[in-house]
Structure formats: structure tokens, C-alpha cells
Amino acid sequence: MQVYLELLREVYAHGSDRSDRTGVGTRSLFGRQIRVDLQAGFPLLTTKRVHIKSLIHELLWFLAGSTDNRALNAHDVHIWDHWATADGALGPIYGAQWRSWRGADGLVIDQLAELVATIRTRPQSRRLVVTAWNPADLPDETISPQDNARAGRMALAPCHCLFQFYVNDGRLSCQLYQRSADLFIGVPFNIASYALLTHLLAAQCELEVGEFIHTFGDVHLYQNHLTDEIVLAQLARAPRPLPQLRLNRRPPSVFEYRFDDIDIIGYDPLPAIRAPLAV
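Parameters at a glance
Residue positions within a chain follow its written sequence, with the count starting from 1. For this predicted model, a pLDDT threshold of at least 70 governs which residues receive local features, and a threshold of 80 or more governs which side-chain atom pairs are given and counted, while totals over whole chains, interfaces and linings are taken from all residues. Excluded from the side-chain calculation are hydrogens and water; included are all heavy atoms of the structure. Strands are runs of DSSP state E lasting at least two residues, helices are runs of H or I lasting at least four, and both sets are numbered from the N terminus onward. The globule rule is 2.2 Å times the number of residues to the power 0.38, and the radius of gyration it is compared with is taken over C-alpha atoms. We call two residues in contact when some of their heavy atoms are within 4.5 Å. Note that accessible areas follow from Shrake-Rupley with a 1.4 Å probe, and for residues the cover is restricted to the protein chains shown. When charges are counted, neither His nor the chain ends are considered; positive counts come from Lys and Arg and negative counts from Asp and Glu. Every charge is mapped onto a representative atom, which is NZ of Lys, CZ of Arg, CG of Asp or CD of Glu. Fitted lines through C-alpha atoms give the axes, limited to the stretch in contact for helices. The angle between two N-to-C directions lies from 0 to 180 degrees. Under this scheme an angle from 65 to 115 degrees is roughly perpendicular, one under 35 degrees roughly parallel, and one over 145 degrees roughly antiparallel; angles in between are oblique. If you view the pair so one helix is near and one far, a crossing is left-handed when the near helix is turned anticlockwise from the far one by less than a right angle, and right-handed when it is turned clockwise. Each residue is assigned to one class: nonpolar for Ala, Val, Leu, Ile, Met, Phe, Trp, Tyr, Cys and Pro, charged for Asp, Glu, Lys and Arg, and polar for all the others, Gly among them. Only protein chains enter the area calculation, which uses a 1.4 Å probe; residues under 20% of their type maximum are buried, those over 50% are exposed, and those in between are partly exposed. For two strands to count as paired, DSSP must find a minimum of two bridges between them. Whether a crossover is right-handed depends on one test, that the path from the first strand over the helix to the second runs clockwise when the strands point away from the viewer. What is meant by a nonpolar core is a set of buried Ala, Val, Leu, Ile, Met, Phe, Trp, Tyr and Cys residues, joined one to another through side-chain atoms within 4.5 Å.

Colleague: Any chance you could break down the overall build of the chain for me, citing the residues and the numbers?
Modeller: On a plain count of helices and strands, the chain comes out with eight helices and 10 strands. Here the chain has a C-alpha radius of gyration of 18 Å; the compact-globule value for 279 residues is 19 Å, and the two agree. Nonlocal contacts in the chain, meaning residues at least 24 apart in sequence, comprise 70% of its contacts between residues at least 6 apart. With the model as given, the accessible surface of the chain reaches about 12,800 Å², and the carbon-plus-sulfur share is 49%. Taken as two groups, the 27 positive and 30 negative side-chain charges of the chain have centres that lie 2 Å from each other.

Colleague: Break down the packing of helix H2 (residues 52-63) against helix H7 (residues 186-204) for me, citing the residues and quoting the values.
Modeller: Viewed as axis vectors pointing N to C, H2 and H7 meet at an angle of 55 degrees, and their least axial separation amounts to 10 Å. When the axis of H2 is compared with that of H7, the two are oblique. With respect to the hand of their crossing, H2 and H7 are arranged in right-handed fashion. Residue-level contacts link Ser 54, Leu 55, Ile 56, Glu 58, Leu 59 and Leu 63 of H2 to Phe 189, Ala 192, Ser 193, Leu 196, Leu 197 and Leu 200 of H7. For the contact of H2 with H7, the per-class residue count stands at nine nonpolar, two polar and one charged.

Colleague: Describe in detail the pairing of strand S8 (residues 208-222), supporting the description with residues and values.
Modeller: Judged by how many residues are buried, S8 sits mostly within the fold: 12 of 15 residues are covered. With 11 bridges joining them, strand S2 (residues 26-37) and S8 adopt antiparallel strand pairing. Following the sheet pairing, Leu 29 is matched in S8 by Val 219. Here strand S7 (residues 171-182) runs beside S8; their pairing, made up of 10 bridges, is parallel. What sits directly across from Ala 181, in S8, is Val 219. As a crossover connection, the stretch from S7 through H7 into S8 is right-handed.

Colleague: Give a description of the side chain of His 57 that names residues and reports values.
Modeller: By secondary structure assignment, the location of His 57 is in helix H2. For His 57, a relative accessible area of 10% translates into the label buried. Discounting residues that sit within four places of it in the chain, His 57 has contacts with Leu 72, His 75, Val 77 and Phe 259.

Colleague: Give a description of the side chain of Ser 54 that names residues and reports values.
Modeller: Among the structural elements, Ser 54 can be located in helix H2. With sequence-adjacent residues up to four places away left out, Ser 54 is seen in contact with Val 77, Ile 79 and Phe 189.

Colleague: Please give an account of the nonpolar core that cites residues and values.
Modeller: Burial of nonpolar side chains together is a common tendency in soluble globular proteins. Counting 82 residues, the largest nonpolar core has Trp 80, Trp 98, Phe 163 and Phe 165 as the members making the most contacts within it. Sort the elements by how many residues they give to this core and H7 lands first, with 11 residues. Aside from chain neighbours lying at most four places away, what touches Trp 98 is Leu 59, Phe 62, Leu 63, Asp 110, Gln 111, Leu 112, Val 130, Ala 132, Phe 163, Tyr 194 and Leu 197.

Colleague: Before we move on, could you go through the sheet that holds strand S1 (residues 16-18) and cite the residues and values that matter?
Modeller: The sheet built from six strands is open, its strands ordered S1-S2-S8-S7-S6-S5 with mixed pairing. Each of the sheet's edge strands pairs with one partner strand only, and the pair in question is S1 and strand S5 (129-131). Taken pair by pair, the neighbouring strands of this sheet meet at an average axis angle of 20 degrees, ignoring direction.

Take a look at the structure:
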């Protein structure tokens, strides 16, 4: 994951200091891209530990079309707690947009089901796209995430907002566009999540994996991460060998994977680096 560390170093050294929605402030660059060969190993950051259980359960939650935070809490996953209401509501975030996009005419579109069908039947299509950016459902930034969810809007606007697949020579590649990227906390998680999604879809469509391409809009470090103990500690570490992903079965559909179907083999990261979350 040297490409991640190079981007981290570039933002730290050359980013512009800016204000942001959270009030913490960021150091930011606009318009960057990294590429990861998924044949070379599973791209899970090794210069600090990434929480695998949360990563897998969140992706399965998205695939199920769920937006109920209580379903994550049942697995002791709490990554969405800061934005959810007391009864688990988050509004129509990723799972809703991926699986039940509502058109103006009332038509409900399962973008992921259509994606899988198109990969299987028309792998050369240039329309292998799923979007979570739905302007009709975006939150009102003048009120709290919880009040947005109660009003039927997204508690948080989608950061990783559009992804596209590409089939070539029997391999499936994924490109993600992320409009807003918390480089220290969020991006390692996002890379691994979309790499896992690519593996699951490739298995369902009887393809090998290709590349994961991560394209960024505003890629940033929060000001309270720019310390010797956080960003500079990460940059001082050398990457270890990447782990491997093993899928223990191929269920009838991509929506039927379970946590026990997915194993990360040989993950040997350096210790976690704690950093405050900007909400």
C-alpha cells in the first residue's frame, strides 16, 4: 500500500489549509488518483490496523439495502452511531440508494441487481455504474444528521458517491469516485471495502479481479491528525506484505454472502494508531 502512503505524504506536505463542515479544519488537495492491482494481494493497510469485522459487516449491510444502524449494532459495529437516531434511523443512505433508488415516477430501481445482470450479459457495457448521489435525498446542512433522518433525508451525504466496473480479459476492475475523503481514517477502510465488493461481484460473475482505481475529489487530512503521533507516525512506518482474501463459498447471489464466507488470510499489520473522528 505504498501508493496510499505516497498520497498521505503529498497531502501533508502540499495540501492547502481550509475550513470544513465539521469545524475541525483540513489540509486538502483536489483531484488525485491511486491504482491498486487486486491480483497482488488484498489491499488492507498494514502500517496500522484496519478493523476487519466492521469493514465486512458494513459492506454486507449495504448489499442488503439496509439503513438501520441497529443491524450493525447487533454485530457490535458502531461506525455509524454518531449520525443515527436512537432508533437506528439514518435516512436513505448508501444501502437505500444502491438497492432501492426511487425515481420521480415512483419506480424503484435496484442498481446493484441491474449491475450484476449487465456484467453477466453485456460485460462490454459502459453503463456498469452505481450512484449513491441522489440530490433529492441529500441532507439539509443547517440541521443535525438525526433531524435529517427523521425527515426522511440522508443523515450524511455520501462521500464515496459513484462507482463503475469494467470487464476486460476475464477480469473485473472497479473505479470509485469519492467526492470527500478523510485520508487518515476513512480512505483505508474505503479501499478495502470496494476491493471486497469487487471480489464478491467477480466471484458471482465467474471473473477474476483486476484493478481497483480510487479517484478523489477533495482528499484531506483533518488538522488534529497532523501530529507526530498520528500522520507522521504512519509515514514513519514501512508497509508489510499484503494479506490474501479467501471466499469460502459462492452463494446463489451477491446479496446472500455471510460474514463467515469471507476470510482475510495473513493480515499482520502494525498496531492501530488512534485518531479523533470529525463528525
